[in-house]
Amino acid sequence: MVTLWGNFEMKNVRLCKLMLNQFAQTSLISHVDKIDEFANEFEKLPMYFMPYHGQESFDNVLKTMNLAVKEIGVEHIVLDNLQFMTGMKNNSTNLSRFEYQDYVIGACRQFATINNCHVTIVIHPRKEIGPELTINSFYGGGKAGQEADNILIFQVIWANHFKNHKYLQICKNRFDGDLGLVPLNFNKESHGFGAVNKSS
C-alpha cells in the first residue's frame, strides 16, 4: 500500500532512521555491516514523506495530500499528530480551536471518502486520572470518535509509578465489529513494539 507520512513531531531524517531500525528488527548500531543491505530493501517500500516539521497549516497539509493521491497514487496517509495541524488555525474563520479541530477531522473524513484513501490520524489524549483511556479521552471534541471507522488506543497501565503493562486496544471497528486488545512488548534493539508471545 502506497503510504504518505506526515510526521510533524519528528524530522524525516530521524523518523527514517527509526523506521530503518524497526524494519531490520535489530539494532543497526550493533550491525553496522548490514546497514546498506537493510537500507536498500527499505528504499523499495512504497513510502513517501511530507516535507513538514512542527506546526503546519492544515490547508498546506490538505494540498499535499491531494497532490500525493493524484500524482503518486497514495492509498494511505498517516498524520502525526492532529494538534500540530490545529495549532495554526486559519484566522479567516471565526471557529474556536476545538471547532477548527472538528473541521479538520471532517475534512480528512471527506478526503478519505472521495479519494478512496485511508487516513490515519494520531490524536493525543487529555490528561486524565483513571486506569484506562476511552473514546471520550480524545483531546478536543467528540467528532473524531464519530467520524472514525477504526479507533485504536495505545494503553499504558501504571503500577507503583512504573509502566507495568502496554497494549493496543481496538475500541471501534465500524465494518467488522470485532473489538479486543493486543498485549505489547517493547523491543529495545529494534525500537519497536511486538505482540506478546502467549507461550512465553
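Just so it is clear, the structure is predicted and the values come from calculations on it, not from any experiment. (Residues numbered from 1 in each chain as written. Predicted model: local features only at pLDDT ≥ 70, side-chain atom pairs only at ≥ 80, totals over all residues. Heavy atoms only, no water.)

Moving on: the overall build of the chain. Each helix and strand in the chain was counted, giving 6 helices and 8 strands. Reading the chain from its N end, one meets helices and strands in the order β-α-α-β-α-β-α-α-β-α-β-β-β-β. A compact globule built from 200 residues should have a C-alpha radius of gyration of about 16 Å, and the chain, at 18 Å, falls within 12% of that. Dimensions of the chain, computed from C-alpha atoms along their principal axes, come out at roughly 55 × 45 × 30 Å. (Helix = DSSP H or I, 4+ residues; strand = E, 2+ residues; numbered from the N terminus. Rg over C-alpha atoms; globule rule 2.2 N^0.38 Å.)

The next point concerns the packing of aromatic side chains. Tallied over the full model, the rule gives 6 aromatic pairs. Ring plane angle 85 degrees and centroid distance 6.2 Å describe the contact between phenylalanine 58 and tyrosine 103, whose orientation is recorded as edge-to-face. With a gap of 45 residues between them, phenylalanine 58 in helix α3 (residues 58-72) and tyrosine 103 in helix α5 (residues 97-115) connect regions that are remote in the sequence. (Phe/Tyr/Trp six-rings, centres within 6.5 Å; stacked < 30°, edge-to-face > 60°.)

So, about the pattern of salt bridges. The tally for this structure, following the rule as stated, stands at 4 salt bridges. Between arginine 109 and aspartate 149 there is a salt bridge, with its nearest N and O atoms 2.8 Å apart. You can see arginine 109 sitting in helix α5 and its partner aspartate 149 sitting in the loop between α6 (143-147) and β5 (150-159), a full 40 residues away along the chain. The class of arginine 109 is partly exposed, set by a relative accessible area of 28%. Its salt-bridge partner being aspartate 149, residue arginine 174 comes within 2.6 Å of it at the nearest N-O pair. Within this pair, whereas arginine 174 is found in the loop between β6 (162-173) and β7 (180-187), its partner aspartate 149 is found in the loop between α6 and β5, the two being separated by 25 residues in sequence. Among the charged side chains, a network of salt bridges with common partners joins Arg109, Asp149 and Arg174. (Salt bridge = Lys/Arg side-chain N within 4 Å of Asp/Glu carboxyl O. Buried < 20%, exposed > 50% of the residue type's maximum accessible area, 1.4 Å probe, protein only.)

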